[in-house]
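Okay, here's what each chain looks like letter by letter:
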Amino acid sequence: MPPNTDSAGCLSLEYEEDLPANTTKGWRTGLNIYVNGKKMTRELSIITPTMTLLSFLRQNGLTGTKLGCAEGGCGACTAIVSRETSDGSVRHRSVNACLFPAVAADCCHVTTVEGLGSTREGMHPVQERMTKSHGSQCGFCTPGIVVAISTIFANKPDATIDEVEEHMDGNICRCTGYRPIWDSAKSLCSDAKKGPCGESCNSCPERDDCDIEHLIPDPGCTSNNVNAPPVPSNNICTSSHEKFKSDPVFNKTFEELKYPELHFPEELKGVARSPFVVSKGGTTWYDPNTLDALLDLKQEFPAGRIVVGNSEVGIEQKFKNTKYGVLIGGSNILELKGISEEEGGYTFGANTALSDIAHHCESGSEGSVTWAMANMLRWFASTQIRNTASLAGNLATASPISDMNPMLAASNAAMTVKSKARGERSINVSDFFLSYRKTALQSDEVIVSVNVPKNSKFEYVYPFKQAKRREDDISIVTSGMRVRLAPSPEGSHFIVAESSFSFGGMSFKTIMAPQTSAFLLGKPWTSETLEEARKYLQKDLPLPDDVPGGQPEYRRTLAASFLFKFFVAVSLQLEKDVSDAGAVEVIPEDVKSASESFVTSRKPSMTGTQRFPKPKFTPGLEDGTEKKGVPAPVSTRSGKKGAVGKDSTHQSGALHCTGEAKYTDDIGLPPGGLEGCLIHSTAAGCDIKSIDATAAIALEGVVKVILHEDLIKTGGNNKLGPVIKDEEVFGTKRVRHFGMVLGIVVAETLEIAQEAARLVKVEYENFEDNVIISIEEAIAAKSFYPMTDHTIESGDVAAGFETPGAVVVEGKFRLGGQEHFYLECNTTMAVPTETGLTVYTSSQAPTKTQMYCASAAGLPANKVVCKMKRMGGGFGGKETRSVFVAAACSVAAKIVGKAVRVTLDRNVDMQTTGQRHAFIAKYKAAAVMEGGKPRLVAMDVNMFSNGGCSLDLSGPVMDRSLFHIDGAYKFGALRCRGIVCKTHQPPHTAYRGFGGPQGIITVEHIVDRLATKMGLDVTEFRESNFYKEGDATHFGQAIENGTWNVPRSFSDVKTQSGFEERKEEIKAFNDKNKWKKRGLAVIPTKFGIAFTAKFMNQGGALVHLYQDGTLLVSHGGTEMGQGLHTKVCQVAAQAFGIDYDKVFVDDSDTSKVANTQPTAASMSTDMYGMATLDACRQIIKRLKPFREKLGEDASLAEVATAAFFERVDLSAHGFYALSDDRCGYNWDAVADGTEEGPPNRFRGHPFNYFTQGSACSVVEVDLLTGDHSILRSDIVMDVGSSINPAIDIGQIEGAFVQGAGWSTTEELIWGDEEHKWVKPPGRLFTQGPGFYKPPAFNDMPAEFNVTLMDGVANKFAVMSSKAIGEPPFAMGVSVFFAIKNALDESRKEQGVEDELILMHPATSERIRMSVG
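If you're wondering where the values come from, they're calculated on a predicted model, not measured in any experiment.

Student: Even after reading the chapter, I still don't get the side chain of Asn 1354, so can you show me in this structure?
Tutor: Here Asn 1354 is to be found in the loop between β51 (1343–1348) and α36 (1373–1390). For Asn 1354, the contacting residues outside a window of four places in its chain are Gly 620, Tyr 1249, Gly 1280, Ser 1360, Ser 1361 and Lys 1362.

Student: What's the story with the pattern of salt bridges in this structure? I'm lost.
Tutor: Side-chain pairs of opposite charge can arise where the charged atoms are in close proximity. Inspection of every chain in the model, using the stated rule, returns 83 salt bridges. For Lys 1362, the salt bridge is made with Asp 1278, and the minimal N-O distance between the two is 2.6 Å. With Lys 1362 in the loop between β51 and α36 and Asp 1278 in strand β50 (residues 1268–1278), the pair connects residues that are 84 residues apart, well separated along the chain. On the basis of relative accessibility, which here comes to 6%, the residue Lys 1362 falls in the buried class. Residues joined by salt bridges that share partners form a network here, namely Arg 58, Lys 66, Asp 665, Asp 666, Glu 675 and Arg 901.

Student: Explain the environment of Gly 117 to me, please; I cannot follow it from the model alone.
Tutor: With respect to the secondary-structure elements, Gly 117 resides in the loop between α2 (113–116) and α3 (125–132). By relative accessible area, Gly 117 is classed as buried at 9%.

Student: I would appreciate a short explanation of the packing of aromatic side chains in the present structure.
Tutor: For the structure on display, the rule yields 39 aromatic pairs. Considering the side-chain rings of Phe 140 and Tyr 663, the 5.1 Å spacing of their centres and the 85° angle between planes classify their relative orientation as edge-to-face. Within this pair, whereas Phe 140 is found in the loop between α3 and α4 (142–155), its partner Tyr 663 is found in the loop between α18 (653–658) and β26 (674–680), the two being separated by 523 residues in sequence. Each residue in the set Trp 371, Tyr 462, Phe 464, Phe 501, Trp 525, Phe 562, Phe 566 and Phe 567 is aromatic and connected to the rest through ring pairs, giving one cluster. Taking the ring centre of Phe 519 as reference, the NZ or CZ of Lys 523 above it sits at 4.6 Å. The ring of Tyr 822 has Lys 878 sitting right over it, with the charged end atom 4.5 Å from the ring centre.

Student: So what exactly am I meant to see when it comes to the side chain of Thr 838 here?
Tutor: The residue Thr 838 is located in strand β37 (residues 837–841) in this model. By relative accessible area, which is 13% here, Thr 838 ends up buried. Setting aside its immediate chain neighbours within four residues, Thr 838 contacts Met 829, Ala 830, Val 831, Thr 833, Val 865 and Lys 867.

Student: Whenever I open this one, the sheet that holds strand β49 (residues 1249–1262) confuses me. Can you help?
Tutor: Hydrogen bonds along the backbone pair up the strands of a sheet, which may run parallel or antiparallel. Taken in spatial order, the 6 strands line up as β9-β25-β51-β50-β49-β43 in an open sheet, and their pairing is mixed. In this open sheet, the two strands that pair with only one neighbour each are β9 (235–238) and β43 (1076–1089). With direction set aside, neighbouring strand axes in the sheet form an average angle of 10°. The sheet contact formed by β9 and strand β25 (residues 607–613) spans 4 bridges and is antiparallel. Paired with Cys 237 across the bridge in β25 is Arg 611.

Student: Looking at this structure, I do not really get the nonpolar core. What am I missing?
Tutor: Most often, soluble globular proteins have nonpolar side chains that are buried together. With 260 residues, the main nonpolar core has Leu 53, Phe 56, Met 373, Leu 485 and Phe 503 as its most contacted residues. It is helix α17 (residues 552–577) that provides the largest number of residues to this core, a total of 13 residues. Other than its neighbours up to four places away in sequence, Leu 53 contacts Ala 79, Val 81, Val 95, Ala 97, Phe 100, Pro 101, Ala 102 and Val 110. Among the nonpolar cores identified, the runner-up in size contains 56 residues, and Cys 1129, Ala 1135, Tyr 1168 and Ala 1194 belong to it.

Student: Hey, could you run me through the sheet that holds strand β23 (residues 494–504) in this one?
Tutor: With antiparallel pairing, 4 strands are arranged side by side in an open sheet as β21-β22-β23-β24. What marks the edges here is a single partner per strand, and that holds for β21 (459–467) and β24 (511–512). Relative to β24, β23 is paired through 2 bridges, and the arrangement is antiparallel. Of the residues in β24, the one forming a bridge with Ser 502 is Met 512.

About the thresholds
Residues numbered from 1 in each chain as written. Predicted model: local features only at pLDDT ≥ 70, side-chain atom pairs only at ≥ 80, totals over all residues. Heavy atoms only, no water. Helix = DSSP H or I, 4+ residues; strand = E, 2+ residues; numbered from the N terminus. Contact = heavy atoms within 4.5 Å. Salt bridge = Lys/Arg side-chain N within 4 Å of Asp/Glu carboxyl O. Buried < 20%, exposed > 50% of the residue type's maximum accessible area, 1.4 Å probe, protein only. Phe/Tyr/Trp six-rings, centres within 6.5 Å; stacked < 30°, edge-to-face > 60°. Lys NZ or Arg CZ within 6 Å of the ring centre and 35° of its normal. Pairing = 2+ DSSP bridges. Axes fitted to C-alpha atoms, helices over the stretch in contact; angles between N-to-C directions. Core = buried A, V, L, I, M, F, W, Y, C linked by side-chain atoms within 4.5 Å.

Next up, the structure:
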């Protein structure tokens, strides 16, 4: 039946007849929801009790809100939910729409990114500033970030920088490195810029009429280093301030910041919260508005789950497949909300939002319980989670790693619980947790309130936590600590009158430390007492070595460190609070910083400066070159408009920021389209005994279950593989990795397809005794890919080690892998056509996708077209590992004859698609002193990588690591060998840098060890061993004259960063602080540009000139955020002498440009810029007679029209192939004695040129916890003559932060011998943002400065530019070596003589356990 309006004016849903008979009388069955100012009517008919707000929005065409993780950990799904509060005001809350129940939006106004503004009707100030500030790259995360920022200003248009910095913790950006996003957000703050009058220029109502020079000079370009050189006159120095004062878009009024309040519907004002019920699909949602009604429901449905934030229930439903017959909304009961303060303490309503509690408590003084709660809540999950979650939910779910439960337990908090049958009772939080996820709450009881006592005199409460990452991360160990002190009878000291210590992460539940408290009772508050207390703490926390979650020693150490920090913090605060300072033990000056913790510290203010040459056009490879594949020059009007060299915004920037940019999953299914879900193995290292799909087929809505037999019947080829075909579309017999694809379910809805896939029963047999997972296990079993065994040898290595006076180091260096964590998971939609398939996919390799989809579906390639509009990030992960998804989807579409869409969930994507290769390097290296300087004389390295169960691209990845094992250094002799290990992990694959970073960090580790052993400054050691022009690398490629810029970049970055001053500052800091240390490192990079497989260095483009003077370009590359399309537009605009906005690059499409290469190796601008220029020049040459006839002042439109009427072709296909003598390397070539040139030159010339640069990073390390922060990073980069400085700087910043993440927070944990608690073997434990931690907003360098070098034109690439996507990544390892430098300083101070071998990544655990 159609929806109807009930007496309350709410929409009754069409499934009202499905309601159970016992529905509470008088409750409405309709919902009242507004979205972007529109009242939802018929749209509401799809809502079910378990539907998320995200599903509702996307099914109604609002695809700007993205699905990134489905667990509230990435923020791509952020929406604003606005509702009138009890006092009549409107409160706007950012929420994770992937968790927020659609039914919970009743009586709310939902604002999505589309509702904020659009390119058609005008953009919101946040959208404009994000666009102009280059705040988006791939753009997939951008709508969520825009909405999150907008929510802050919707609630407080005059928000300060501090307030913004506190609330950007719920979103992840994998591309930008965050700096431009920070700039965009902070530019809107009321205190962003002060004028001479002392008022904020931004919010001043007389800004436009003010005669004062209020637009002050850019402070970002005023160096605080007095010795730093001034900015050259031919350079531009800019930061956010500079942009905002010069661009009119940044000087708008701020009234629009109040959106969505200005558009809050009148109908929703003054609406009483009436109860409602919704029932469908076997689940009923009851939403009471009184406590009595809630108690009635809990008595009737004791198993019914109360839902407030849905951050726990939503996860259970999505990832644990938990089914609930009854869900009870708890957000509309005013009796369970609110905060009151009495003489003895505070009462927090059970369902009060955590963000409201944090706001109420933030004014507490240090050491008070409210101060402790506020600080713990600052780091509790994210703003979006805190906006909906509650204390009661946190307590009732009883997570053993909860942050707030130990805090409340230690604070002597109690909760009031109530049932209809037994009334109220009180339970101490410390007694509430009985066992794992089990509490003292009875099934019919609800938590009514939480009561927290106030501090008495000399009573202190402190919060502690340590996680892999600071923001939005579950704790490794968390603690609340409280002590009440009293003066001793004689008044000479203080004694412990009472104490309590509670911990999360130290047991299967929140636990207390009773023996420690008992020991302390009556003891003097002294360091001697503390030392004894630590012994009792160990007894209270008997963590076994095989504890689930691992890290037992680290966790025990953290607990002891927290106790010490607590002692220092309390002692310092006590000293402030007493009149007789002599009664308090004096804390030594160098120990005082032990009291500091990120939990209680202000979040850092992120700033950055960007310096780059003024826009100019510098001819490059295209200028006068006649080599193969390079177009000959023709007379053009190039350079008249000067499109090249300008910092033009990303072609899709505005579309990203408004949510109008469409990705593969945003493309609507055609009528009758179906959803697919892959069937995955749940074991590894065994055989498939049987697959039973009976139950799945029987599920209503299932169309087909497809296995490999079905693929063969349709004429398809089941083999896959980019180098060798050692994979299968659908598994046949041997299960080689956990999560291997066995088939696909096709159904009417995604939910049905997923449920059916879970119903497929797979039996396994013939399990291997030892499933090989790690590199060590593979080496022991001699499990390798023999064809990847490659060696490069240059010079006499053995003789090098015998050099008189040589200092030798040898050992093993372990390198961790890295998850791509592109925000858009792999997605494909295959649509049958009359003769074949059209495949829409998120892939870096359209042609590869086309070929394998055709092969799997049994079709010729000319009947399969692959289309790719844009990717939400790729980083190499979608070069080959997207293909198996597309192939399976295409087979399904071919068989069922309808469109099929497959989108991987985040956890599935991470488990199945492979990551950056983990490496182990076994090495020996030597150096000698010559002429007072060190010289590298020999290095012998064996590199092993974890390739997984199929080869994929592991061979070429290993090869590139061997090409980069020299770093920027000249070795007298060098031998390197690499081989790929075969394991039962999924096939690992390309990732930004493609093996290069693994080689670079390995040699830097070796250089660091050599310098340490020789007692030399490692920075000077590095400089002494740089290549010089005329040298040759170990693989035989010359360092060509005029191209070697590493030494200059290294010198420049030292100057820019104030390196010598930094060293002195760090020394002074370290001398004054025993438990905090700072470190510094400068790292160079030399990254080779070209595909090492010669045939891949080619590209094509198609250019159409229209009569109105505009250009349409199609090329073989793909856009994943790196700005390729934008740069190609600039190249084409430069060629024709027209404005950049007159050129448009269309979607990647194999029917327009065929036989393309993957967008990879940082080669795309080089290839497709040149191919596009070739096509442009062909057209320009045809136009030459008309230009001469019409004159130089004629517009391109006039010239094009004249040519059209003369029947001149205004379209051209361009092509470019890198010259034979500048690419390719033949590993099989054998010297015959006639070779000329340096060793190994006869094998080839693997790289066209090197992109170079240097980075300097300063870090601060908390030695007690292992926490670290990046205080500053400076980068100087040689990018040639930049086509677009803003895009290049964005790539540098993003790659650097990604590299820093690889080196610190990003750790992959697999079920292997080292992690036996992960079951079964081969399962990836770190799935999703809940367990895997890419850098967050708070993890970028607090000061982040990037300079593009001038005067470094590159004659080997288009318009003298250089590739930039991958090279800066390896400079992120400067953070790793800065951390090691800090640890070395600490160990030296402590007298630790053993050399520190810091393995990679430098996680908080490794840092803390390396202190000594």
